[in-house]
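Each chain is listed here by its residues.
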Amino acid sequence: MSAVAHRTGVAHNDSQNECLRSGADMTEIYLMSVTGAVGGVIGSVLGLGSAWVAHRASRRSLELKALELRLEIRKAINALNHGNKRLEDQLNLAFRSRTRVAAAAGVLNSGEMVNWRAQLDTESADLNDLKHALEVLSQDFGGRSTHDLEALLADLDAQAYHVKALLGRYRDSVAADDKAREQAMAKAGPMLVAATAPPRT
């Protein structure tokens, strides 16, 4: 075999080897790209799954919070209705008590008594409005958002505080009338005190 032929054979073999290496490299690159693509798809699927699970958990948490708020609102409405009934009774008692004391003292039509009755009438009207609003509210408040439920509960708490304050004020009013009767007893005797005593039932 001549040297030229030998070199030609060697070059041919090198070319074949280079092709084989190129083919192997291409196969490796292809496999890597496929693996990367599959990994990307799996990652995307896992990411979407995690996001869905997180969304479901968040939604479930909001649903539970809304349920708890609705229960608290129901309790607040019941408590406020009870407070309203007590306040209504106290307003009626205070009116009878103050009217009798003022009549016995001859100041039933005084400016102070007129203002006192006007204030009581205003608060009685406000109480009736609140009772009506609670009747409407108690029928349906389930469709509100969590934010609205929180605001509603805060408003009910504020109304309960106001009712409690009024209840205390008119208890003090009756206590002041009782003190006025004691003073009347010391000055005019038990007959006047009996005439000004309020009915307790």
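Residues numbered from 1 in each chain as written. Predicted model: local features only at pLDDT ≥ 70, side-chain atom pairs only at ≥ 80, totals over all residues. Heavy atoms only, no water.

### Examining the pattern of salt bridges
Using the following cut-off: Salt bridge, as used here: a side-chain nitrogen of Lys or Arg that lies within 4 Å of a carboxyl oxygen of Asp or Glu. Counting from the N terminus, the helices are DSSP H or I runs at least four residues long and the strands are E runs at least two residues long. Relative accessibility thresholds used throughout: buried, under 20% of the residue-type maximum; exposed, over 50%; partly exposed, between the two (1.4 Å probe, protein chains only).
One pass over the full model with this rule turns up 7 salt bridges. Residues Arg169 and Glu123 are paired through a salt bridge, measuring 2.5 Å at the closest nitrogen-oxygen approach. Of this pair, Arg169 sits in helix 3 (residues 146-188) while Glu123 sits in helix 2 (residues 111-139); the two residues are 46 residues apart in sequence, bridging distant segments of the chain. Its relative accessible area of 43% is what places Arg169 among the partly exposed residues.

### Side note on the environment of Glu63
Within the secondary structure layout, Glu63 lies in helix 1 (residues 3-105). By relative accessible area, which is 38% here, Glu63 ends up partly exposed. With 82 residues separating them in the primary sequence, Glu63 and Ser145 have C-alpha atoms 9.8 Å apart.

### Here we look at the packing of aromatic side chains
As a reminder of what qualifies: Here a pair means two rings of Phe, Tyr or Trp (six-membered ring of Trp) with centres within 6.5 Å. Their orientation is stacked below 30 degrees between planes, edge-to-face above 60, and tilted elsewhere.
One pass over the full model with this rule turns up 1 aromatic pair. Centre to centre, the rings of Trp116 and Tyr170 are 6.3 Å apart; their planes meet at 70°, and the pair counts as edge-to-face. Of the two residues, Trp116 sits in helix 2 while Tyr170 sits in helix 3, which places them 54 residues apart along the sequence. There is no split in this pair, since Trp116 and Tyr170 are both buried.

### Structural notes on the environment of Ala76
Rules: Working rule for contacts: check all heavy atoms of both residues, and any pair within 4.5 Å makes them a contact.
For Ala76, the position within the fold is in helix 1. What makes Ala76 buried here is its relative accessible area of 15%. Residues Ala76 and Gln159, 83 residues apart in the sequence, show an inter-C-alpha distance of 9.9 Å. Residues in contact with Ala76, not counting those within four places in the same chain, are Leu153 and Leu156.

### Some words on the nonpolar core
Our working rule: Nine residue types can take part in a nonpolar core, namely buried Ala, Val, Leu, Ile, Met, Phe, Trp, Tyr and Cys, and a core is a set of them joined through side-chain atoms within 4.5 Å.
If you look at the biggest cluster of nonpolar residues, it comprises 28 residues, and the most contacted ones within it are Ile73 and Leu156. For this core, the secondary structure elements donating two or more residues are helix 1, helix 2 and helix 3. Among the elements that make up this core, the one with the highest residue count is helix 1 (11 residues).

### Description of a nonpolar patch on the surface
What counts here: For patch building, the residue pool is restricted to those with more than 30% relative accessible area and no salt bridge; the joining distance is 9 Å between like charges and 5 Å between nonpolar side chains (Val, Leu, Ile, Met, Phe, Trp, Tyr). For every accessible area listed, the method is Shrake-Rupley and the probe measures 1.4 Å; residues are considered covered only by the protein chains on display.
Taken together, Leu64, Leu67 and Leu71 make up a surface patch of nonpolar side chains, about 260 Å² in accessible area. By secondary structure assignment, the location of Leu71 is in helix 1. Relative accessible area serves as the criterion here: at 49%, Leu71 is assigned to the partly exposed category.

### A look at helix 2
Under the convention used in this document: Expected helix span is computed as 1.5 Å times (number of residues minus one).
Across its 29 residues, helix 2 extends 43 Å between first and last C-alpha, which sits within 8% of the 42 Å expected from 1.5 Å per residue. Considered for burial, the residues of helix 2 that qualify are Met113, Trp116, Leu120, Glu123, Leu127, Leu130, Leu134 and Leu137.

### Side note on the confidence of the model for the protein chain
Test applied: Each residue carries a pLDDT score, the predictor's confidence in it, ranging from 0 to 100.
On average, residues of the protein chain score 78 in pLDDT, and 62% of them are at 70 or above. Across the protein chain, helix 2 holds the top mean pLDDT of 93, while helix 4 (residues 190-196) sits lowest at 56. Scored below 50 in pLDDT, residues 1-12 makes 1 contact in the model with residues more than four places away or belonging to other chains.

### Some thoughts on the environment of Leu93
Note that Leu93 resides in helix 1. Of the residues examined, Leu93 reaches a relative accessible area of 15% and is grouped as buried. C-alpha separation for the pair Leu93 and Val174, spaced 81 residues apart in sequence, amounts to 7.7 Å.

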